[in-house]
Number of protein chains: 2
Amino acid sequence: MKLLIRNAYVITVTGTEFVGDIAVDGARISHVGPTGSVPEGFEPDETIDATAKAATPGLVNCHTHAAMTLFRGYADDLPLMEWLTQKVWPIEAKLTGDDIYWGSLLAGLEMLKSGTTTFADQYFEMDRVAQAVEEIGLRASLCRGLIGVAPRADQVLAESLEFVRAWHGAAGGRITAMLGPHAPYTCPPAYLEKVLAAADELGVGLHIHLAETRTEIEQIKQEYGCSPIELMERINLFERPVLAAHCVHLSETDIEILARRGVGVAHNPQSNMKLGSGIAPVARMLAAGVNVGIGTDGAASNNDLNMVEEMRTAALLQKVALEDPTVLPAGRALEMATVGGARALGLDGEIGTLEMGKRADIVLWNLNQAHLSPAHNLQAHLVYSASRADVDTVIVNGRVLMRDRRVLTVDEERVLREAGRCARRLVSAVSSA
Amino acid sequence: MKLLIRNAYVITVTGTEFVGDIAVDGARISHVGPTGSVPEGFEPDETIDATAKAATPGLVNCHTHAAMTLFRGYADDLPLMEWLTQKVWPIEAKLTGDDIYWGSLLAGLEMLKSGTTTFADQYFEMDRVAQAVEEIGLRASLCRGLIGVAPRADQVLAESLEFVRAWHGAAGGRITAMLGPHAPYTCPPAYLEKVLAAADELGVGLHIHLAETRTEIEQIKQEYGCSPIELMERINLFERPVLAAHCVHLSETDIEILARRGVGVAHNPQSNMKLGSGIAPVARMLAAGVNVGIGTDGAASNNDLNMVEEMRTAALLQKVALEDPTVLPAGRALEMATVGGARALGLDGEIGTLEMGKRADIVLWNLNQAHLSPAHNLQAHLVYSASRADVDTVIVNGRVLMRDRRVLTVDEERVLREAGRCARRLVSAVSSA
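Draft legend 1. Main features of the state of the cysteines. Per the stated rule, a full pass over the model turns up zero disulfides over all chains. With no disulfide of its own, Cys226 of chain A lies 15 Å from the sulfur of Cys247 of chain A, the closest cysteine sulfur. The class of Cys226 of chain A is buried, set by a relative accessible area of 3%. Its sulfur unpaired, Cys143 of chain B is 11 Å from the next cysteine sulfur, which belongs to Cys187 of chain B. For Cys143 of chain B, a relative accessible area of 0% gives the class buried.

Right, here's the structure in full:
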């Protein structure tokens, strides 16, 4: 399948921006250049006229728990521990594989319709998440969440290995897998050692929550006399690729470790705001050379999976935290939401920019709108003014998944209906328990 | 004209929520109640089936400079003084009445398409702003910005009086007028005294910027030995209705004054974030009984006029500032964006809730979307998950201005085209100056 995108405002996220064409051959970009520059002899099966549209790399959501879309709006504005122990955990305990499948499809639909082409997910029943990813056509880095202090911890780790063996590299390379030790306070060092050995055996990275709340910092400090990041450094966790979600409360030493070890950080500004966790020192991390991507976290704490708004929030939150309007300018935020995220997931060789040879994960944005007018600065518009609904067309791995906002891979109405059915059943199961 | 809205999820913002009908007779709501409760004999000229839609009061944007949409994306991520003196002021100096008209229509179009039905504007060439408001059909509280330290200060005040006399109560009551002394640091007490005398003569309120930046606080402190709020209290400015924009940096005394005097505060979270001004103590103000509405500020510092996102940002920003997820819950944020804003503008007798006798300023939201599913909690969905494009139908003063996202009062393409023309001319005028 050969696809030609014509006459777009191309933002490559490699530092260039021009009106031009993108040629896609199979799953990869075979050419990007000014209008009319596509090599003679390229015979597209399909041509998209992208006049008055911007073309960018697909957005990369570095941290989520997709199936938690089923809990969107189920419990808000509560103290953290009450929210977790009295709302989230009880309803999570009722989740079936069917719920996870439909919740993940609902998440996938929402992400697709807001320009996310790749997401990093940590949850359970990951076979069903992978099935949803395979069907909707997105790219995903998936891992089973591992709780070392839970009863079946070793068995779950064994199942996790099976998942990695079954799905790493599946769906035409769209699905990659990791191991997902949940956090230092749920996975003691002895358990983490087992996870690390397994990761090395499989040759995959880790996706872990780190330094999210002050409570976690205090707890680890009390138990181990150091910060969560220092504890992970002590057990050599960072010797392999690591995607670390949150990293809100960090010392200068922590930041130095994250930079030196090449850890990918998933910054989740709206979740950190909504849960009152704090403001991550993103500008300091970037200045120290830490690789920071952006994520939404799950829909129970955001409450949506909208990377368009998340990149805006990331920029605005740093500016106000430092009372400095110059930090995290628009272009830097767009980088974080694309190639920064790709790097955090270890996928920057394949995705994250619009360049020849990369996978064709492309978003077309409809610029012909009041809130994106006049056209002074497209990158500023995408970061500071755009909405999810401006995402017009989404291509992943060379395949058009949405065109003119019409989703081509799944039946939208059916996903909404089935996810609604699952959510109602879960609520009634919890309230009758 | 009689209008019937049937079978909506009605959120009245008076504490009730039900599936029901809204009857509109002329400019006002004649009935709100459960489905089927509309009195017999009400014969609608038009019926809107609002199944699977939410109905809320229109959003109230408490502070903006509408025509600054022409500068959207023109200058971002710069130090405040460089942004103002080298970018904003030079291009503002080139604005013509024609620019103001098209820029205001562009703003009106953007606000209409994102569910804002009323806005409070402070700018210049206000006759042209009023003309735009009259044409597009929105409700607005308008004032000419007054700079006491500028050369023609007295003449501009005189023109401002003419504007109030010509437009206060115009357009079927949709346009109200105020006097707009810009800020304490641009309007010394002697000039403010003249403005106050004029306001009392006209019987209108004031719209002023207060306590926006640390620089302002220091400057007023140095010159007058007190805070901006205390200075205003000293000259009895708060003895009449006042809409105070920003109020970011406040002492406990300041908050006590704002509460006791019934000042309406326009909180502009995204502008305060983007300019690095700081985080307003909204939760403390609300606890003290201050009436706080929400605004976007102008598009040069936001960069959009999207109240849907602004109410979300208001809620999230307070939670993270206080590291407390329980502050500013969803319902409270929705109140601030509707009836709180109406109160801040002195219009809560007329708008801000869905109640019999109030003006029919109504927004219908399309709920049938992935990011608003499942339907656990509609208020949480509107505040934490909705986007501007979910706004489906907008009614102001009983007139349908947008239906199924089609704007009925102005030619959208023409507004975008003309505003683009104005913006290009302005940029070229500035660069050749």
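Draft legend 2. How the structure looks around helix α4 (residues 153-167) of chain A. Residue and element names in this part refer to chain A. Taking 1.5 Å of rise per residue, 15 residues should cover 21 Å, and α4 covers 21 Å from first to last C-alpha, within 8% of that figure. For α4, the elements touching its buried residues are α3 (126-136), β8 (139-146), β9 (175-177) and α5 (189-202). Just past α4, the residue Gly169 takes up positive phi, approximately 90°.

Draft legend 3. Region of the structure containing the relation of the copies chain B and chain A. Each copy of the sequence occupies a distinct position, and chain B is placed on chain A by a rotation of 180° and an axial shift of 0.0 Å, giving an RMSD of 0.0 Å. Such a turn and shift between the copies fits a two-fold axis. Measuring from the rotation axis to each C-alpha of chain B, the shortest distance belongs to Ala389 of chain B, at 3.1 Å. Interface residue correspondence from chain B to chain A reaches 100%, placing this contact among same-surface, isologous pairings.

Draft legend 4. The arrangement of the pattern of salt bridges in detail. Counted by the stated rule, this structure contains 56 salt bridges over all chains. Asp76 of chain A is paired through a salt bridge with Lys274 of chain A; the nearest N and O atoms lie 2.6 Å apart. Here Asp76 of chain A is found in the loop between β6 (59-64) and α1 (80-92), whereas its partner Lys274 of chain A is found in helix α9 (residues 269-274), with 198 residues between them in sequence. Exposure remark for Asp76 of chain A: the relative accessible area of 12% places this residue in the buried category. Of the residues examined, Lys274 of chain A reaches a relative accessible area of 3% and is grouped as buried. Note that Arg425 of chain B and Asp99 of chain B form a salt bridge whose closest N and O atoms lie 2.4 Å from each other. Residue Arg425 of chain B is found in helix α14 (residues 412-431), and its partner Asp99 of chain B is found in helix α2 (residues 97-112); the two are separated by 326 residues along the sequence. The exposure class assigned to Arg425 of chain B is partly exposed, which follows from its relative accessible area of 34%. Put simply, Arg72, Glu110, Asp304 and Arg388 of chain A are held in one network by salt bridges that share partners.

Draft legend 5. Spotlight on the confidence of the model for chain A. Across chain A, the average pLDDT comes to 97, with 100% of residues at or above 70. The complex prediction reports pTM at 0.98, with the ipTM value standing at 0.97.

Draft legend 6. Expanded view of unusual backbone geometry. At the junction of Ser373 of chain A and Pro374 of chain A, the peptide bond is cis and its omega measures out at -10° in the coordinates. Within the secondary structure, Pro374 of chain A sits in the loop between β15 (362-366) and α13 (378-385). Positioned with a positive phi, Asp297 of chain A is a non-glycine residue whose angle comes to about 65°. Mapping Asp297 of chain A onto the fold places it in the loop between β14 (291-294) and α11 (307-322). Here the phi dihedral of His246 of chain B falls at roughly 90°; this positive angle occurs in a residue that is not glycine. Turning to its location among the elements, His246 of chain B is positioned in strand β12 (residues 242-246).

Draft legend 7. Just the interface of chain B and chain A, in detail. On the side of chain A, 63 residues touch chain B, which itself brings 63 residues to the contact. Summed over both partners, the interface of chain B with chain A comes to about 4,700 Å²; 59% of that surface belongs to carbon and sulfur atoms. The largest share of the area that chain B buries against chain A comes from Asp77, Met273 and His376 of chain B, three residues that together contribute 13% of it. The salt bridge involving Glu309 of chain B is made with Arg312 of chain A; its shortest N-O contact spans 2.6 Å. One can count 25 residue pairs in polar contact (both at pLDDT 80 or more) joining chain B with chain A. The set of elements that each furnish at least two residues to the side of chain B that touches chain A consists of α2, α9 (269-274), α11 (307-322), α13 (378-384) and α14 of chain B.

Parameters and conventions
Residues numbered from 1 in each chain as written. Chains lettered and ligands numbered in written order. Predicted model: local features only at pLDDT ≥ 70, side-chain atom pairs only at ≥ 80, totals over all residues. Heavy atoms only, no water. Disulfide = S-S within 2.5 Å. Buried < 20%, exposed > 50% of the residue type's maximum accessible area, 1.4 Å probe, protein only. Helix = DSSP H or I, 4+ residues; strand = E, 2+ residues; numbered from the N terminus. Expected span 1.5 Å × (residues − 1). Contact = heavy atoms within 4.5 Å. Least-squares fit on C-alpha atoms with pLDDT ≥ 70 in both. Salt bridge = Lys/Arg side-chain N within 4 Å of Asp/Glu carboxyl O. pLDDT = per-residue confidence, 0-100. Buried area = accessible area lost by both parts, 1.4 Å probe. Polar contact = N/O pair within 3.5 Å; in protein donor to acceptor, adjacent residues only side chain to side chain.

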